[in-house]
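Residues per chain, in single letters:
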Amino acid sequence: MRYWLMKTEPNEFSIDDLANRPNQSEPWDGVRNYQARNFMRDDMQIGDQVLFYHSRIDPSVVGMATVSKTSHPDFTAWDKTNKHFDPRSTPEKPLWFMVEVTFQSKFPEPIPLKEIKEIPGLEKMMLIKKGCRLSIQPVTKEEFEIIVAIGDESTPK
DNA sequence: GCCAACGTTGGC
DNA sequence: GCCAACGTTGGC
């Protein structure tokens, strides 16, 4: 089993949106970066654990999800009306791929990026490397467990 | 909203 | 294959 961090802008798609979906599941469409695509296409397996990250607006890890469906073509790429339309991708020869993720839990309190930068053991996380914009990142088991332990022990206000 | 850092594109 | 120009990401 592998561990990942997936970024989304909460005004586009938040952890609450995921929790409110039918089956609490959603295809992770719209990724148009080759490295991120390759992680989804080649490496992500059902049951992999995901840290759900909100970027730009209160940047923070806000909960957990799991991979519930492995790589399949991202059909939004061949929809002309879609924001992420890419004419190079066709149903016959898809260029972009996505996995499906399923809601697992929302932390009582988000763990802000600012805090993550100061937690011992997380120094090597890709997330806190300057200028790293990758929207899907591998995370080690140790990093995952440190973050989840903090997330789970945070208490509601 | 700004802008630095990055990835991609395309002319040569 | 280089690299300037461009578009995007994402913290602040």
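Residues numbered from 1 in each chain as written. Chains lettered and ligands numbered in written order. Predicted model: local features only at pLDDT ≥ 70, side-chain atom pairs only at ≥ 80, totals over all residues. Heavy atoms only, no water.

(A) Layout of the sheet that holds strand E1 (residues 3–8). With mixed pairing, 6 strands are arranged side by side in an open sheet as E2-E5-E4-E3-E1-E6. Both edges of this open sheet fall to strand E2 (25–27) and strand E6 (136–139), since each of them pairs with a single strand only. Averaged over all pairs of adjacent strands, the angle between their axes in this sheet comes to 35°, without regard to strand direction. The pairing of E1 with strand E3 (residues 49–54) spans 6 bridges and is parallel. Along E3, the bridge assignment pairs Trp4 with Val50. The strands touched by helix H2 (residues 34–43) are E1, strand E4 (60–73), strand E5 (97–112) and E6; relative to E5, the strand with the most contacts, the crossing angle is about 110°. (Pairing = 2+ DSSP bridges. Helix = DSSP H or I, 4+ residues; strand = E, 2+ residues; numbered from the N terminus. Axes fitted to C-alpha atoms, helices over the stretch in contact; angles between N-to-C directions. Contact = heavy atoms within 4.5 Å.)

(B) Region of the structure containing the protein's contact with DNA strand C. If you check the shell around DNA strand C, you find Lys7, Tyr53, Ser55, Arg56, Pro59, Leu113, Lys117 and Arg133 and nothing else. By atom count, sugar and phosphate contribute 52% of the portion of DNA strand C lying within 4 Å of the protein. At 2.9 Å from a phosphate oxygen of DNA strand C is found a side-chain nitrogen or oxygen belonging to Lys7. Residue Arg56 places a side-chain N or O atom 2.3 Å away from a base nitrogen belonging to DNA strand C. Taken together, the residues that form the surface near DNA strand C break down as 3 nonpolar, 1 polar and 4 charged. (Near = heavy atom within 4 Å. Polar contact = N/O pair within 3.5 Å; in protein donor to acceptor, adjacent residues only side chain to side chain. Nonpolar A, V, L, I, M, F, W, Y, C, P; charged D, E, K, R; others polar.)

(C) Highlighting the pairing of E1. Burial within E1 is extensive, with 6 of its 6 residues counted as buried. Neither face of E1 is open: one carries Tyr3, Leu5 and Lys7, the other Trp4, Met6 and Thr8, and all of them are buried. In the sheet, E1 pairs with E6 via 4 bridges, with the strands oriented antiparallel. Bridging from a neighbouring strand, Leu5 pairs with Gln137 of E6. (Buried < 20%, exposed > 50% of the residue type's maximum accessible area, 1.4 Å probe, protein only.)

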